[in-house]
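# Architecture at a glance
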Amino acid sequence: MPRYFVAIHHPAGYDAATAEDDAMHRDIDRLNDEMVAAGIRVFVGGLQPPTTARAIRRPTDTDHLTTDGPYIEAKEHIGGFLVLDLPDLDSALSWGRRAATACRAPVEVRPFY
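First things first, this report covers the structure right here in the doc. Since the structure is predicted, the reported quantities are computational estimates derived from the model, not experimental observations.

What counts as what
Residues numbered from 1 in each chain as written. Predicted model: local features only at pLDDT ≥ 70, side-chain atom pairs only at ≥ 80, totals over all residues. Heavy atoms only, no water. Helix = DSSP H or I, 4+ residues; strand = E, 2+ residues; numbered from the N terminus. Contact = heavy atoms within 4.5 Å. Buried < 20%, exposed > 50% of the residue type's maximum accessible area, 1.4 Å probe, protein only. Expected span 1.5 Å × (residues − 1). Arc of directions from axis to C-beta. Polar contact = N/O pair within 3.5 Å; in protein donor to acceptor, adjacent residues only side chain to side chain. Axes fitted to C-alpha atoms, helices over the stretch in contact; angles between N-to-C directions. Parallel < 35°, antiparallel > 145°, perpendicular 65-115°, else oblique. Nonpolar A, V, L, I, M, F, W, Y, C, P; charged D, E, K, R; others polar. Pairing = 2+ DSSP bridges.

## Focus: the environment of Phe43
Here Phe43 shows up in strand β2 (residues 41–46). Leaving out residues up to four positions away in the same chain, Phe43 has contacts with Phe81, Leu82 and Val83.

## Some words on the environment of Lys75
If you trace the backbone, Lys75 turns up in the loop between β4 (65–68) and β5 (76–85). Residue Lys75 is classed as exposed on the basis of its relative accessible area of 73%. Sequence separation between Lys75 and Glu108 is 33 residues, and the spatial gap between their C-alpha atoms is 15 Å. Setting aside chain neighbours within four positions, we find Lys75 in contact with His10, Pro11 and Ala12.

## Re helix α3 (residues 89–103)
Two residues of an α-helix separated by three or four positions point the same way, owing to the 3.6 residues in each turn. With 15 residues, α3 extends 20 Å from end C-alpha to end C-alpha; this agrees with the ideal 21 Å at 1.5 Å per step. Of all the residues in α3, the buried ones are Ala92, Trp95, Gly96, Ala99, Ala102 and Cys103. Along the axis of α3, the buried positions cluster into a sector of 125 degrees, meaning they face one direction only. Of the residues in α3, the exposed ones pointing more than 90 degrees away from the buried face are Asp90, Arg97 and Thr101. Residues of α3 that are buried sit in contact with β1 (3–11), α2 (22–38), β5 and β6 (107–111). Two or three places before Asp90, at the opening of α3, Asp88 has a side-chain oxygen 3.3 Å from that residue's backbone nitrogen. Looking one or two residues past α3, Arg104 carries a phi angle of roughly 55 degrees, positive in sign.

## A word on the packing of α2 against α3
To describe two helices that pack against each other, one gives the angle between their axes and the distance between the axes. The N-to-C vectors of α2 and α3 enclose an angle of 155 degrees; their axes lie 8 Å apart at closest approach. In terms of axis orientation, α2 runs roughly antiparallel to α3. Together, Met24, Asp27, Ile28, Leu31, Glu34, Met35 and Ala38 of α2 and Trp95, Arg98, Ala99, Ala102 and Cys103 of α3 make up the contact between the two elements. Taken together, the residues that form the contact of α2 with α3 break down as nine nonpolar, no polar and three charged.

## A closer look at the sheet that holds β6
Strands sit in the order β2-β5-β1-β6 across an open sheet of four strands; the sheet is antiparallel. The open sheet is flanked by β2 and β6, the only strands paired with a single partner. Within this sheet the neighbouring strands show an average axis-to-axis angle of 20 degrees, counted without direction. Relative to β6, β1 runs antiparallel, the two sharing five bridges. Residue pairing in the sheet places Ile8 in a bridge with Val107 of β6. Along the sheet, α2 contacts β2 and β5; its crossing angle with β2, the most-contacted strand, is approximately 160 degrees. Packing against the sheet, α3 makes contact with β1, β5 and β6, and its axis sits at approximately 155 degrees to β6.

Take a look at the structure:
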């Protein structure tokens, strides 16, 4: 079965302590329970803030450059993600809509190779 990556995007300056409440946590827990019950959840995880990220670039053929923060300049960052086994893109989009509702954030759905 194809796998799909569902990325949850948070705006710059997102603070989980103030943005997330008990109702949101219950909705996310319910979504996780539903994915497990459906047998589609491979892995899910929330990420630490972008200030904890390190980017590694290869500006030359022999050297690597490591910098603080996410690898691109953006007003949003990936705050968490799901990896799901689903039969097709329509199913992935359906679960993506559920994730956007539970997480109260935009999501990106992308198939793996």
